[in-house]
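Examination of the molecular architecture
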There are 4 protein chains.
Amino acid sequence: MSIFVKNEELFSIVQKIFNEKIPFNKTLGMQVELLEDMRPVIRLEMRNDLVGHYLRGMLHGGVIASIIDVTGGLTAFLGVLEKSGNLQIGESMELLPNLSTIDLRVDYLRPGLGHWFIATGDVLRIGSKVAVTRIELHNDETILIAAGTGSYVIS
Amino acid sequence: MSIFVKNEELFSIVQKIFNEKIPFNKTLGMQVELLEDMRPVIRLEMRNDLVGHYLRGMLHGGVIASIIDVTGGLTAFLGVLEKSGNLQIGESMELLPNLSTIDLRVDYLRPGLGHWFIATGDVLRIGSKVAVTRIELHNDETILIAAGTGSYVIS
Amino acid sequence: MSIFVKNEELFSIVQKIFNEKIPFNKTLGMQVELLEDMRPVIRLEMRNDLVGHYLRGMLHGGVIASIIDVTGGLTAFLGVLEKSGNLQIGESMELLPNLSTIDLRVDYLRPGLGHWFIATGDVLRIGSKVAVTRIELHNDETILIAAGTGSYVIS
Amino acid sequence: MSIFVKNEELFSIVQKIFNEKIPFNKTLGMQVELLEDMRPVIRLEMRNDLVGHYLRGMLHGGVIASIIDVTGGLTAFLGVLEKSGNLQIGESMELLPNLSTIDLRVDYLRPGLGHWFIATGDVLRIGSKVAVTRIELHNDETILIAAGTGSYVIS
């Protein structure tokens, strides 16, 4: 079974967990769009109820922090999986690594304006106890809206 | 006109802006409950669509970051108003100081479990350009769920 | 043997480690001044070679970050010891908990001016794997110069 | 006068300020090694008095925070200069932009082991009031030791 097939399986499991099992992800409409070399790409559509100020129509800071947090967490999760060498997680979803955010920094760089937004993450370190990832949020014009760093404990 | 009356007026203006003019605050159901000596108390009711994991029923990390961000911002806003000595903001809502989050740190300390949550903020510094505040989130059993620090630019 | 005596022993061990076994603490001249209910008080004397800008004579940002980091780490260390209930660490210094900083936030609030500075720490949470502490740095006029938050992994 | 010459002039002014006018930079032995496209490269030699733990011989967390802070600040300074389009700063060192750190995050990723260390910075945003930069610290084997993000107020 090729890596490609395994990643397809993994992608569908990650989608199922991320999009269906985490209620607030649904509330915001965040979706895992794809995995690029085990790095997640998360998409969010602009909606009126996600706005932070009625006059300016920008994404609320909390929505930005939310997508930064989940993207960082999913990046860490995939990094732990990859490091473990076990990508055939198949039916054993209960064996998945469990990560909790220790802390998160969000840098609000430019107004959260756009029709849709894309968040991507990079691993800074996957240790045995702690994972650290860096996250960026761009809008549909590839303007960097926000950046972040998250620390996650692995259990 | 007494300070008390002025604070009542201020409170009703703050409520109007916070609860009605910021769509995502409504989406989450965040409410300014009261102002204690110019420090805001924000309340959030637990709801199924705010949950981070269907099995554990805890508040999503993004919801926690959201309430930390808005509480820090409102604390900074009130600190700027207080420092300016102008609490009779009356009709001139357009003269209100405008603050944007520069960056935010959120520390996730304990599981976000509870029927409702209360966030409070403290000023660390109100400068002429930058304000810094510290935020805490407790649940209905007064357990400290999360803490944070936010920097805000004043314009 | 009373708690007081135990704390005296503990204090002298902590002083020995902090002041003598950590070369860079010596380089800066940081000293554990006392333990108040298991919370450390660290003192630093102003010196010309710790200055950040020759014209303004303020403490360098890196010195401030250094004292914030070590105070947060020592606060976490003492919190772990206290939680373990084992304060009679006596000869068994090799059994001491080992903490490493995961990440640190430093907020630079006011110019680092003063003859000497005092840093104090508070526990936000001592878990089994991760400890989080909050730190403040005041000058000799009790002006709050800087604040911080640190996360530490326990091993 | 070519850009190259201007950058040589700029580099020698930056070196003069960084290496000679900031006492604590000298105390640590931090040196601006070069500017690559207006991005600074800072070098630090390992020394016994910069160690954090006598047994393990690793760089002290405060030294790491120090080099992260100054690299982020210098990156922001050069970004502000570049944005202003005025690189012929010549004799007018008193006209240089003045930046102060608002806050700093440092992520300690791997043990601070090495003969020497190199810190580099990237601009995330240069605004009119606030600059945000991201910093990385590698050792002489190009292992990523630490990362950071800093916010700076421009005046």
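What counts and what doesn't
Residues numbered from 1 in each chain as written. Chains lettered and ligands numbered in written order. Predicted model: local features only at pLDDT ≥ 70, side-chain atom pairs only at ≥ 80, totals over all residues. Contact = placed C-beta atoms within 7 Å. Helix = DSSP H or I, 4+ residues; strand = E, 2+ residues; numbered from the N terminus. Nonpolar A, V, L, I, M, F, W, Y, C, P; charged D, E, K, R; others polar. Pairing = 2+ DSSP bridges. Least-squares fit on C-alpha atoms with pLDDT ≥ 70 in both. pLDDT = per-residue confidence, 0-100. Axes fitted to C-alpha atoms, helices over the stretch in contact; angles between N-to-C directions. Left-handed = near helix turned anticlockwise from the far one by under 90°. Buried ≥ 20, exposed ≤ 12 C-beta atoms within 10 Å, placed from the backbone. Expected span 1.5 Å × (residues − 1).

1. Points about the interface of chain D and chain C
Taken together, the contact between chain D and chain C spans 29 residues of the former and 29 residues of the latter. Residue assignment for the side of chain D that touches chain C shows that the elements contributing at least two residues are α2 (23–28), α3 (61–84) and β3 (99–108) of chain D. Examining the composition of the side of chain D that touches chain C, we find that nine residues originate from one element, β3(D), more than from any other. Looking at the side of chain D that touches chain C residue by residue, the classes come out as 13 nonpolar, 10 polar and six charged. Judged from the five bridges that link them, strand β3 (residues 99–108) of chain C and β3(D) form a sheet pairing that is antiparallel. When the bridges of β3(D) are listed, Val106(C) appears paired with Leu104(D).

2. Quick notes on the relation of the copies chain B and chain A
Superposing chain B onto chain A takes a rotation of 180° plus a shift of 0.0 Å along the axis, which leaves an RMSD of 0.0 Å. A rotation of that kind, with that shift, is consistent with a two-fold axis. Distance from the rotation axis, computed per C-alpha, reaches its smallest value in chain B at Arg105(B): 2.2 Å.

3. Observations regarding the confidence of the model for chain A
With 90% of its residues at a pLDDT of 70 or more, chain A has an overall mean of 90. Interface confidence for the predicted complex, given as ipTM, is 0.92, next to a pTM of 0.94.

4. So, the pairing of strand β1 (residues 31–36) of chain B
In the case of a regular strand, side chains alternate between the two sheet surfaces. Residue and element names in this part refer to chain B. Bridge count for β1 against strand β2 (residues 39–45) is five bridges, and the pairing is antiparallel. Across the sheet, Gln 31 pairs through a bridge with Arg 43, a residue of β2. Here β1 folds back onto β2, and the loop between the two strands holds two residues, one of which, Asp 37, carries a positive phi near 50°.

5. Points about the packing of helix α3 (residues 61–84) of chain A against helix α3 (residues 61–84) of chain B
Two quantities define a packed helix pair, namely the angle between the axes and the distance from one axis to the other. Between α3(A) and α3(B), whose axes approach to 8 Å, the crossing angle comes to 145°. Between α3(A) and α3(B) lies a crossing of right-handed hand. Listed contacts from α3(B) to Gly61(A), Gly62(A), Ala65(A), Ser66(A), Asp69(A) and Val70(A) of α3(A) are Gly61(B), Gly62(B), Ala65(B), Ser66(B), Asp69(B) and Val70(B). Looking at side-chain class alone, the contact of α3(A) with α3(B) contains four nonpolar, six polar and two charged residues.

6. Description of the pairing of strand β5 (residues 130–139) of chain B
Residue and element names in this part refer to chain B. The element β5 is extensively covered by neighbouring structure, given that eight of its 10 residues are classed as buried. Here nine bridges tie strand β4 (residues 116–126) to β5, and the two strands are oriented antiparallel to one another. Residue pairing in the sheet places Thr 120 in a bridge with Glu 136 of β5. Turn length for the β4-β5 hairpin, with the two strands adjacent in sequence and antiparallel, is three residues.

7. Some points on helix α3 (residues 61–84) of chain C
Residues and elements named next belong to chain C. In a regular helix each residue adds 1.5 Å, so 24 residues correspond to 34 Å; α3 covers 35 Å between its end C-alpha atoms and thus fits that length. Among the 24 residues that make up α3, 20 are buried, leaving the element largely enclosed by the rest of the structure. Positive backbone phi, approximately 75°, marks Gly 85, located one or two places after α3.

8. Observations concerning the interface of chain B and chain A
If you look at the interface, chain B gives 29 residues, while chain A gives 29 residues. Only α2 (23–28), α3 and β3 (99–108) of chain B provide two or more residues apiece to the side of chain B that touches chain A. Here the side of chain B that touches chain A takes nine residues from β3(B), the largest share from any one element. Considered class by class, the residues forming the side of chain B that touches chain A number 13 nonpolar, 10 polar and six charged.

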